Amino acid sequence: MHCISLVISGPAGVGKTTICDRLVREFEASLKRVITSTTRRPRNSEKHGIDYYFLSNQQFEDLKEKNSFIEHAKIHGNYYGTTKESVNEQLEKKFDVLLNIDVQGAAELKKLKQSNDLFTNFLYTIFIAPKSIDDLRKRLISRGQDSICEIEKRLQTAMNEISLKDRFDFVIYSDTKEIDYAKVREFYMSKSIISN
Ligand code: 5GP
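Description of the structure in this document. (Residues numbered from 1 in each chain as written. Predicted model: local features only at pLDDT ≥ 70, side-chain atom pairs only at ≥ 80, totals over all residues. Heavy atoms only, no water.)

1. Describing the overall build of the chain
Part 1: Counting its secondary structure elements, the chain contains eight helices and nine strands.
Part 2: For the chain, whose C-alpha radius of gyration is 16 Å, the value lies close to the compact-globule estimate of 16 Å for 196 residues.
Part 3: Overall, the chain is about 45 × 40 × 30 Å in size when its C-alpha atoms are taken along their principal axes.
Part 4: Counting every position in the chain, which comprises 196 residues, the buried fraction comes to 43%.
Part 5: Considering only contacts within the chain whose residues lie at least 6 apart along the sequence, 66% involve residues at least 24 apart.
Part 6: Summed over all atoms, the accessible surface of the chain reaches about 10700 Å², with 50% contributed by carbon and sulfur. (Helix = DSSP H or I, 4+ residues; strand = E, 2+ residues; numbered from the N terminus. Rg over C-alpha atoms; globule rule 2.2 N^0.38 Å. Buried < 20%, exposed > 50% of the residue type's maximum accessible area, 1.4 Å probe, protein only. Contact = heavy atoms within 4.5 Å. Areas by Shrake-Rupley, 256 points an atom, 1.4 Å probe, with all protein chains shown as cover.)

Right, here's the structure in full:
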């Protein structure tokens, strides 16, 4: 039996987190979200060890030195990374793993895939693209998390990310929440059935 690794990427505000939360809820017996590490501060109700491992710059650097990350990236001034340990912990228990990471991280993992590592043997990447930049702007504004200046920065990043979408195994053009979820769900089910 092979566990699969599913990577979901896409611009901030496109609905990745909602999709990921729903997918791990529906498939809780087989799929676990990998908790990644970041140096950014927790927002609102976010908790250490649940949403992220919130680390200091020094702690992050130490892990990097120890070669603990399978990938890491700097996003909007903060560091983000996936530790080998957090992935292996789930794979060893025979769970499929779900990673909500950015485009740079997804590209790093795809490179590992070519090296035939066990974790990446059954790695699939999904990119969720917004309907349009204008639509994404509206979503970011209605989310109410970021300042206008921050939103413009995120939209710039989004445009760069969208230009790399063809590197992904599967691209979803965002529609309604239900339709987006149904597409991700179907993709996951098809891959987990084929590879098992
Ligand atoms: P946020 O700060 O809004 O939670 O996340 C910002 C971006 O970082 C999102 O696109 C998210 O997918 C990405 N991200 C979260 N954890 C990681 C990680 O470990 N590695 C990489 N490359 N990106 C991550």
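2. Some points on unusual backbone geometry
Part 1: Unlike most non-glycine residues, Asn67 shows phi in positive territory, near 65 degrees.
Part 2: Of note, Asn67 is situated in the loop between helix H2 (57–65) and strand E5 (69–75).
Part 3: Judged by its relative accessible area of 52%, Asn67 falls in the exposed class.
Part 4: Positive phi values are uncommon outside glycine, yet Lys94 reaches one of about 70 degrees.
Part 5: Judged by its relative accessible area of 52%, Lys94 is exposed.

3. Structural notes on helix H1 (residues 16–26)
Part 1: What H1 keeps buried is the set Lys16, Ile19, Cys20, Leu23 and Val24. Down the axis of H1, the buried side of the element spans an arc of 125 degrees, and every buried residue falls inside it. (Arc of directions from axis to C-beta.)

4. A look at the site of the ligand
Part 1: Neighbouring the ligand are 15 residues, the closest being Arg40, Tyr52, Glu71, Tyr80 and Asp102.
Part 2: Taking Thr36, its side chain carries an N or O atom lying 2.8 Å from a nitrogen atom of the ligand.
Part 3: Take Gly81: an N or O atom from its main chain is 3.1 Å from an oxygen atom of the ligand.
Part 4: With the chains in place, 93% of the 510 Å² that the ligand exposes on its own is no longer accessible. (Near = heavy atom within 4 Å. Polar contact = N/O pair within 3.5 Å; in protein donor to acceptor, adjacent residues only side chain to side chain.)

5. A closer look at the sheet that holds strand E2 (residues 31–33)
Each strand in a sheet pairs with another by means of backbone hydrogen bonds, the pair being arranged parallel or else antiparallel.
Part 1: Within the open sheet, the five strands sit side by side as E2-E7-E1-E8-E9. Their pairing is parallel. The open sheet has two edge strands, E2 and strand E9 (170–173), and neither has a second partner. The mean angle between the axes of side-by-side strands here comes to 20 degrees, regardless of whether they run parallel or antiparallel. (Pairing = 2+ DSSP bridges. Axes fitted to C-alpha atoms, helices over the stretch in contact; angles between N-to-C directions.)

6. Concerning the sheet that holds E5
Part 1: Judged by pairing direction, the sheet is mixed, and its four strands sit side by side in the order E4-E3-E6-E5 without closing on themselves. Sheet topology places strand E4 (53–54) and E5 at the edges, where each strand pairs with a single neighbour.
Part 2: Both strand E3 (residues 37–38) and strand E6 (residues 78–83) contribute to a ladder of two bridges, which runs antiparallel. Following the sheet pairing, Thr38 is matched in E6 by Tyr80.
Part 3: Most of the contacts of helix H3 (residues 84–92) go to E6, to which it runs at about 35 degrees, and overall it touches E5 and E6.

7. What to know about the nonpolar core
Part 1: Ranked by internal contacts, the top residues of the largest apolar core, which has 25 residues, are Leu6, Leu23, Leu98 and Val184.
Part 2: Secondary structure elements with two or more residues in this core: strand E1 (5–9), H1, strand E8 (123–129), helix H6 (133–143), helix H7 (148–162) and helix H8 (177–194).
Part 3: The residues contacting Val184, other than those within four sequence positions of it, are Ile8, Ile19, Leu23, Ile126, Ile128 and Ile172. (Core = buried A, V, L, I, M, F, W, Y, C linked by side-chain atoms within 4.5 Å.)

8. Focus on the pattern of salt bridges
Side chains that differ in sign of charge can pair as their charged atoms come close.
Part 1: One pass over the structure, following the stated rule, counts twelve salt bridges.
Part 2: Across the pair Glu26 and Arg185 runs a salt bridge, and its minimum N-O distance is 2.6 Å. Of this pair, Glu26 sits in helix H1 while Arg185 is found in helix H8, placing the two residues 159 residues apart along the sequence.
Part 3: Accessibility expressed as a relative area gives 37% for Glu26, which makes it partly exposed.
Part 4: In this structure Arg185 comes out as partly exposed when scored by relative accessible area, which is 29%.
Part 5: Asp169 is the salt-bridge partner of Lys110, the closest N and O atoms lying 3.0 Å from each other. Here Lys110 is found in helix H4 (residues 103–114), whereas its partner Asp169 is found in the loop between H7 and E9, with 59 residues between them in sequence.
Part 6: Taking the relative accessible area as the measure of exposure, Lys110 reaches 23% and is therefore partly exposed.
Part 7: Among the charged side chains, a network of salt bridges with common partners joins Asp134, Arg137 and Glu152. (Salt bridge = Lys/Arg side-chain N within 4 Å of Asp/Glu carboxyl O.)

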